[in-house]
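Chain by chain, the residues:
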There are 2 protein chains.
Amino acid sequence: MDGIKVSVITIGDELLIGQVIDTNSAWIAQELNKIGVWVHRRLAVGDARNEIWKALDDESAVSNVILITGGLGPTADDITKPLLCEYFGGKMIMDEATLKHITYLFTEVFKRPLPLLESNRRQALVPDVATVLKNEVGTAPNMLFEKDGKIFISMPGVPHEMKAAMNNHVLPLLQQRFQLPYIGHRTLLTAGIGESFLAERIKGFESSLPSNIKLAYLPNYGMVRLRLTAQGGQAETEKILNEKFAILKEEVKDVLAVDEDIPFEVLLGRLLRRHNKTVSTAESCTGGYIAHLITSIAGSSDYFKGSAVSYSNSIKENVLQVNNETLASVGAVSEETVKEMVSGVLKVMETDYAVAVSGIMGPGGGSDDKPVGTVWIAVGNAQKIVTKRMHFRFDRKRNIELTAVNALYLLCRFVETNS
Amino acid sequence: MDGIKVSVITIGDELLIGQVIDTNSAWIAQELNKIGVWVHRRLAVGDARNEIWKALDDESAVSNVILITGGLGPTADDITKPLLCEYFGGKMIMDEATLKHITYLFTEVFKRPLPLLESNRRQALVPDVATVLKNEVGTAPNMLFEKDGKIFISMPGVPHEMKAAMNNHVLPLLQQRFQLPYIGHRTLLTAGIGESFLAERIKGFESSLPSNIKLAYLPNYGMVRLRLTAQGGQAETEKILNEKFAILKEEVKDVLAVDEDIPFEVLLGRLLRRHNKTVSTAESCTGGYIAHLITSIAGSSDYFKGSAVSYSNSIKENVLQVNNETLASVGAVSEETVKEMVSGVLKVMETDYAVAVSGIMGPGGGSDDKPVGTVWIAVGNAQKIVTKRMHFRFDRKRNIELTAVNALYLLCRFVETNS
């Protein structure tokens with residue numbers, strides 16, 4: 001079998017009323033992409049019989065692999081399993097291997113007293129037309145159905161159970177069943193140039209691309225990511241992709257922030273490891289978000305020592321030794337304050353580098369002089385401190401994210417050029 | 001016109017390769033829900049002509065309102081606008097009002113020198129069959145199309161531009177055109193009971209629900225949220241919903257964590273305001289994430305003073321005055337250490353309450369004695385400190401989230417019972 005077309009169906013009212021953000025779909029798409037599969041359509045429907053039925057009809061009409069997540073819990077709002085049974089014309093039977101696995105999980109892992117509840121036992125009921133794909137980390141079995149040459153796989157919506165199903169079953173199965181093309185991406189991030197100016201600058205480059213390479217613009221956080229995507233035989237595709245990417249890098253070199261699809265916290269970790277240096281943060285308006293980003297990277301304890309989140313001025317004075325007079329004269333949101341915060345946190349945390357931020361994230365707290373969105377960032381070491389004033393025009397959440405990303409960007413640049 | 005059915009189509013390759021997580025759809029669904037509209041289907045397709053065309057065909061066959069986001073940028077990868085023009089049988093014309101608005105944005109807001117780039121001018125080209133809905137915060141105009149009694153609205157994918165379009169145009173328009181039913185939700189969160197045990201306990205309640213009320217189980221962070229959703233005339237629906245919700249609360253009262261759909265950081269803020277108290281955090285393994293959650297709430301500077309993110313033991317000693325002997329004898333991940341961290345941060349930050357966490361988030365750093373996922377949490381005030389040991393079995397990101405959510409939950413309970 002070759003020529004794969006994948007649809008992803010996510011089932012659950014919680015997605016359609018917006019109570020839950022769908023992160024599963026992005027993860028599934030990324031993993032499929034790595035093995036050369038492009039998700040073709042993604043559909044979300046509610047926990048309603050006719051909607052799910054129609055989704056199965058619609059997606060199997062246009063795709064030959066239909067991945068289904070959600071709707072497999074033990075409770076009465078989950079109707080997917082009996083519906084799948086009916087859709088594929090089977091009857092429900094007790095799967096002894098699954099029952100044994102559920103019993104094992106309840107007794108050995110969850111440490112619950114036996115006997116199992118009826119609803120737990122019912123999770124081991126599967127359509128006799130399904131092939132059970134073991135759910136190693138949960139109680140709801142994954143199920144494979146095949147009909148008219150199409151493959152349907154139903155997985156739980158719980159993210160870590162879905163991930164286990166993808167890694168243990170779905171990805172290997174697709175690699176075995178299909179001749180998969182190579183899909184390559186190269187991504188770079190620019191800073192300090194708008195999307196349309198960037199497009200104007202590289203329009204010659206864009207029109208020079210062969211038909212199997214696409215260029216995409218992904219503006220975010222006031223920066224623009226550029227992604228080249230190519231499809232074809234691996235060797236030739238990689239070669240031309242690398243050539244084109246080198247040309248693109250050259251064309252944007254004065255605004256190039258990073259030439260990979262990695263966040264700045266990963267780049268920062270690499271730079272610090274390379275130079276065997278440490279970092280700390282002094283955060284006012286970001287409230288710990290920069291430290292959170294840095295420590296989201298495994299192994300960051302090797303180079304990150306700590307953070308002083310100084311939301312109130314008393315902490316800026318007592319912990320970070322910011323001058324009382326500075327705060328009184330120019331205020332907490334000022335160049336002088338963030339410089340003193342860097343000096344203070346370098347000393348308290350005994351690190352080689354530090355970053356400090358202070359700003360007004362909104363919606364309240366702004367003034368004519370310092371409107372909401374005003375931010376001062378300082379990065380430095382014992383010898384030198386560099387500052388930047390920024391102004392963001394978004395809501396609180398996004399202002400915090402923008403401040404953190406820009407602070408990490410400035411910190412990376414400082415470490416790169418001062419080590 | 002009555003009987004609304006809404007489909008949301010999101011356009012963009014970045015969604016299908018998983019480079020971007022779709023947060024727009026959840027927001028759109030939430031806002032529609034508030035005015036009594038249920039999203040019926042949600043479809044994501046790539047920047048490909050025939051996929052977008054088919055999506056328009058498919059969704060207009062089942063829905064009468066089709067909301068489209070994405071694909072409107074100034075760059076060549078965005079093909080949506082000319083496609084919509086062709087789909088609705090129009091031709092592209094220059095919209096002078098939009099051009100004036102774009103010129104205003106570039107000169108007055110973005111402070112760019114004139115003349116506009118050709119790509120910026122092109123954003124003012126719209127199909128003559130579209131009604132332009134002004135994009136107050138960006139350059140890509142929103143467009144309304146009507147065909148065979150169906151409404152199509154195309155919005156940019158940039159979140160704050162989409163939000164402005166929804167608030168300023170889409171929501172008012174739908175309220176004007178349709179007789180909208182009332183949809184009510186009541187949500188509570190339980191802690192300390194598994195989904196299936198909870199379902200077993202309240203199965204009598206669930207079977208007592210009238211057909212216009214649905215119960216949903218939403219497990220997350222090791223807790224289970226229960227949501228009642230009712231539809232009908234507002235007065236009678238609210239009455240029965242409130243009655244049923246009161247019964248449900250009573251049935252789960254021993255495991256009830258919060259009886260609203262709010263995160264713990266919001267509950268914490270309310271409790272602290274009510275008692276006019278302050279809080280600080282001392283974070284090791286969460287790396288500032290608890291402080292970030294607390295400060296994500298506008299106005300949190302009224303009760304949050306700061307955080308000491310003590311990733312390295314030297315910070316635990318120097319900033320938080322954790323005993324060197326404690327660290328040497330029982331280690332950083334221990335009940336004694338988190339108790340001393342609470343005491344220390346209470347003093348340094350001069351707050352009424354504090355929370356401290358220390359644990360091993362993985363993937364490295366575990367031992368036989370303290371495997372990955374081991375976490376100690378302490379919450380307290382000057383009089384009393386309460387601790388809890390937890391064990392999580394997930395990846396680093398999720399272990400951090402689980403630790404933070406459980407720490408905030410314990411903190412809320414402590415503030416509730418000790419003030």
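Anything mentioned here points back to the structure above.
Note that the coordinates shown come from a computational prediction; the quantities given were computed from them, not determined experimentally.

What should I look at first to understand the state of the cysteines in this one?
By definition, a disulfide links the sulfur atoms of two cysteine residues through a covalent bond. The tally for this structure, following the rule as stated, stands at zero disulfides over all chains. Just so you know, Cys-412 of chain A is unpaired, no disulfide at all, and the nearest cysteine sulfur is the one on Cys-285 of chain A, 18 Å from it.

Honestly, the nonpolar core in this entry has me stumped. Any pointers?
As a rule of thumb, soluble globular proteins bury nonpolar side chains together. If you look at the biggest cluster of nonpolar residues, it comprises 86 residues, and the most contacted ones within it are Phe-264, Ile-377 and Leu-411 of chain A together with Phe-264 and Leu-411 of chain B. Apart from residues lying up to four places away in sequence, Phe-264 of chain B is in contact with Leu-189, Met-223, Ala-257, Val-258, Val-405, Leu-408, Tyr-409 and Cys-412 of chain B. The next biggest cluster of nonpolar side chains, apart from the first, holds 42 residues, and it includes Val-338 and Val-348 of chain A together with Ala-308 and Ile-315 of chain B.

Would you take a moment to explain the sheet that holds strand 12 (residues 256–258) of chain A for this structure?
Either a parallel or an antiparallel arrangement is found when strands of a sheet pair, and the pairing is made through backbone hydrogen bonds. Residue and element names in this part refer to chain A. Taken in spatial order, the four strands line up as 10-11-9-12 in an open sheet, and their pairing is antiparallel. Where the open sheet ends on each side, the last strands, each with one partner, are strand 10 (213–220) and strand 12. Neighbouring strand axes in the sheet, compared pairwise and without regard to direction, differ in orientation by 35° on average. Pairing geometry for strand 9 (residues 182–191) and strand 11 (residues 223–232), over ten bridges, is antiparallel. Counterpart to Thr-190 in the pairing with strand 11 is Val-224.

Got a minute to help me understand helix 10 (residues 234–251) of chain B in this structure?
Since the α-helix turns once every 3.6 residues, residues separated by three or four places project in the same direction. All names here are of chain B. With 18 residues, helix 10 should reach 26 Å at 1.5 Å per residue; the first-to-last C-alpha distance of 25 Å fits that figure. Every buried residue belonging to helix 10 is among Thr-237, Leu-241, Lys-244, Phe-245 and Leu-248, and all of these are buried. Down the axis of helix 10, the smallest arc covering the buried residues is 110°, so these residues share one side. The exposed set on the far side of helix 10, more than 90 degrees from its buried face, consists of Ala-235, Glu-236 and Lys-239. At its buried positions, helix 10 is contacted by strand 9 (182–191), helix 9 (203–207), strand 10 (213–220) and strand 11 (223–232).

Explain the packing of helix 3 (residues 49–62) of chain B against helix 4 (residues 80–87) of chain B here, please?
All names here are of chain B. Contact pair helix 3 / helix 4: the axes reach a minimum separation of 10 Å and the direction vectors enclose 50°. Classified by the angle their axes make, helix 3 and helix 4 are oblique. Judged by the sense of rotation from one axis to the other, the crossing of helix 3 with helix 4 is right-handed. Across the interface between the two elements, Arg-49, Ile-52, Trp-53, Leu-56, Asp-57 and Ser-60 from helix 3 touch Thr-80, Leu-83, Leu-84, Glu-86 and Tyr-87 from helix 4. Of the residues contributing to the contact of helix 3 with helix 4, the split by class is six nonpolar, two polar and three charged.

Please clarify how the interface of chain B and chain A should be interpreted in this entry.
Size of an interface: often given as the accessible area lost when the parts come together. Counting from both sides, the interface comprises 96 residues of chain B and, opposite them, 96 residues of chain A. Summed over both sides, the interface of chain B with chain A buries roughly 7,700 Å², with 57% coming from carbon and sulfur. Between the two partners, chain B and chain A, sit six salt bridges. Between Lys-214 of chain B and Asp-13 of chain A there is a salt bridge, with the nearest N and O atoms lying 3.0 Å from each other.

What should I look at first to understand the sheet that holds strand 9 of chain B in this one?
Residues and elements named next belong to chain B. Strand order in the open sheet formed by four strands is 10-11-9-12, with antiparallel pairing between adjacent strands. Only two strands of the sheet have a single neighbouring strand rather than two, namely strand 10 and strand 12 (256–258). Averaged over all neighbouring strand pairs, the angle between strand axes comes to 35°, with direction disregarded. Pairing between strand 9 and strand 12: two bridges, direction antiparallel. Following the sheet pairing, Leu-189 is matched in strand 12 by Val-258.

Calculation notes
Residues numbered from 1 in each chain as written. Chains lettered and ligands numbered in written order. Predicted model: local features only at pLDDT ≥ 70, side-chain atom pairs only at ≥ 80, totals over all residues. Heavy atoms only, no water. Disulfide = S-S within 2.5 Å. Core = buried A, V, L, I, M, F, W, Y, C linked by side-chain atoms within 4.5 Å. Buried < 20%, exposed > 50% of the residue type's maximum accessible area, 1.4 Å probe, protein only. Contact = heavy atoms within 4.5 Å. Pairing = 2+ DSSP bridges. Helix = DSSP H or I, 4+ residues; strand = E, 2+ residues; numbered from the N terminus. Axes fitted to C-alpha atoms, helices over the stretch in contact; angles between N-to-C directions. Expected span 1.5 Å × (residues − 1). Arc of directions from axis to C-beta. Parallel < 35°, antiparallel > 145°, perpendicular 65-115°, else oblique. Left-handed = near helix turned anticlockwise from the far one by under 90°. Nonpolar A, V, L, I, M, F, W, Y, C, P; charged D, E, K, R; others polar. Buried area = accessible area lost by both parts, 1.4 Å probe. Salt bridge = Lys/Arg side-chain N within 4 Å of Asp/Glu carboxyl O.

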